[in-house]
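If you want the building blocks of each chain, they are given just below.
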Amino acid sequence: MPVPISQAWTVASYVLKQKIQGRKQYPLVLMLEPLYKCNLACAGCGKIQYPAHVLKQELSPEECFKAVEECGAPMVSIPGGEPLMHSQIEKIVEGLVARKKYIYLCTNALLLKERLHLFKPSKYLTFSVHIDGQKEHHDFSVCREGGFDLAIEGVREALKQGFRVTTNTTLFDGADPNSVRAFFDEMMALGVEGMMLSPGYSYDKAPDQKHFLGRARTRRLFRAILSNRKPTWRFNQSMLFLEFLMGKRDFRCTPWGMPTYSIFGWQKPCYLLQDGYADTFNELMTTTEWDNFGTESGNPKCANCMVHSGYEASGVDYTFSSLKGLFAAAKATLFTKNDDDEAYRMLNEPVRPVHSYNPLVQIEAPSNNLEETRA
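Computed from a prediction, not measured in an experiment: that's the story for all the values here.

**Student:** I would appreciate a short explanation of helix α7 (residues 147-160) in the present structure.
**Tutor:** The periodicity of an α-helix, 3.6 residues per turn, causes residues three or four positions apart to be oriented the same way. In this model α7 runs 20 Å from its N-terminal to its C-terminal C-alpha over 14 residues, within 8% of the 20 Å that 1.5 Å per residue would give. Those residues of α7 lying buried are G147, F148, A151, I152, G154, V155, E157 and A158. Packed against the buried residues of α7 are α5 (112-115), β4 (125-130), α6 (135-142), β5 (164-171) and α8 (177-190). A positive backbone phi angle near 90° is found at G162, which sits one or two residues after α7.

Right under this line is the structure:
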């Protein structure tokens, strides 16, 4: 099983409690962004594009704990920026572990090996390492030659010291399904607990706006990758969400399932869109016009989104909404092969990965002494 039984039970009992109480909108995972500063400048990311005075700011541990207690979600994802660059990240993690929250600390792992001593192995702490595929593709995606090797070194050391480790992979247009499947084999051989997948989202600030997937291409790509899958592959996410990516299910977006708290406050409506901020979690939940977001809303910003932060919670919510949902989730978990002859044929189609005809743009790690520049 890719997660401890205690974690699966905590999440299941939490969601069932929300259902019994009749809550239609509830948080499943808090996306806690304690900083935006990063030691990478990936072409598909919009976070590092903030001005220097913003990149210098951090949430204090106390602000993080207050947000976690306000929200009440059983799981906390700590993205960024790069969380390991936060000056008090070990205190934040220690406090969340003491509160028995299941933490996924999202990291590019460039600093993981040297900063592991700050943490203690715990069932509540998982390092979710961002690796976008095999070596050449990953280095191209993060605009850093040698990034893959450094990440793998960090993963190996974390596993050696007894930490829980998962991978987090974002796929863009031009991804090679065969390479992605080979990458799965490599990660399983490495010994990670499980893998997470998501199509990329078109951040307005991202330097590369050409390689985000539309919904049709997303379904085709993930059908090729996830059909006829090997029994050794373990995924650390809702199996129904993976079926959604493959085009086998149709879910409504549930942006309230993964609310975001950052240096600016509670972000409306979700991790990916900025439609204003709320001062409190209650204000976020009660004043956000949730029907204005998601593909079914007609909002052009949501037209092509199939990202986990919008739809992973949809799969979990569907699972516990009826016996039909429970049966579907059990079936998707137990019968994972997904035989599909057409998907086999897709694997034989010629692919021209983006990195095969674009040079890797080497971006130096940002200085710690950031200065604001003119637009």
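From this point, the discussion proceeds with the structure in view.
**Student:** Please clarify how the packing of α6 against α7 should be interpreted in this entry.
**Tutor:** To describe two helices that pack against each other, one gives the angle between their axes and the distance between the axes. The interhelical angle for the contact between α6 and α7, taken along N-to-C directions, is 105°, at an axis separation of 8 Å. Regarding the angle of α6 to α7, the classification is roughly perpendicular. Contacts between α6 and α7 involve K135, H138 and D139 on the former and, on the latter, G147, F148 and D149. The residue makeup of the contact of α6 with α7, split by class, is one nonpolar, two polar and three charged.

**Student:** Please clarify how the pairing of β4 should be interpreted in this entry.
**Tutor:** For a regular strand, the rule is simple: side chains alternate between the two faces of the sheet. Most of β4 is tucked away: five of the six residues are buried. Here five bridges tie strand β3 (residues 102-107) to β4, and the two strands are oriented parallel to one another. Each residue of the ladder has a partner; that of I103, found in β4, is L125. With five bridges joining them, β4 and β5 adopt parallel strand pairing. Following the sheet pairing, H130 is matched in β5 by N168.

Conventions we followed
- Positions within a chain are numbered from 1, following the residues in the order the chain's sequence is written.
- Local features in a predicted model are, by the rule used here, given only for residues with pLDDT of at least 70; side-chain atom pairs are given and counted only at 80 or more, and totals for whole chains, interfaces and linings are based on all residues.
- Heavy atoms throughout the structure, all of them, feed into the side-chain values; hydrogens and water do not.
- Put simply, DSSP H or I for four residues or longer makes a helix, DSSP E for two residues or longer makes a strand, and each gets a number counted from the N terminus.
- Here the expected length of a helix is defined as 1.5 Å per residue gap, with one fewer gap than residues.
- Accessible area is worked out with a 1.4 Å probe on protein chains only. A residue is then buried under 20% of its type maximum, exposed over 50%, and partly exposed in between.
- Whether two residues are in contact is decided by their heavy atoms, any of which lying within 4.5 Å being enough.
- Here the axes come from fitting lines to C-alpha atoms, over the contacting stretch only for helices, and the angles between their N-to-C directions go from 0 to 180 degrees.
- Throughout, the term roughly parallel applies to angles under 35 degrees, roughly antiparallel to angles over 145, roughly perpendicular to angles from 65 to 115, and oblique to all others.
- Residues were grouped as follows: Ala, Val, Leu, Ile, Met, Phe, Trp, Tyr, Cys and Pro as nonpolar; Asp, Glu, Lys and Arg as charged; and all remaining residues, including Gly, as polar.
- The pairing criterion for strands is at least two bridges between them, as found by DSSP.

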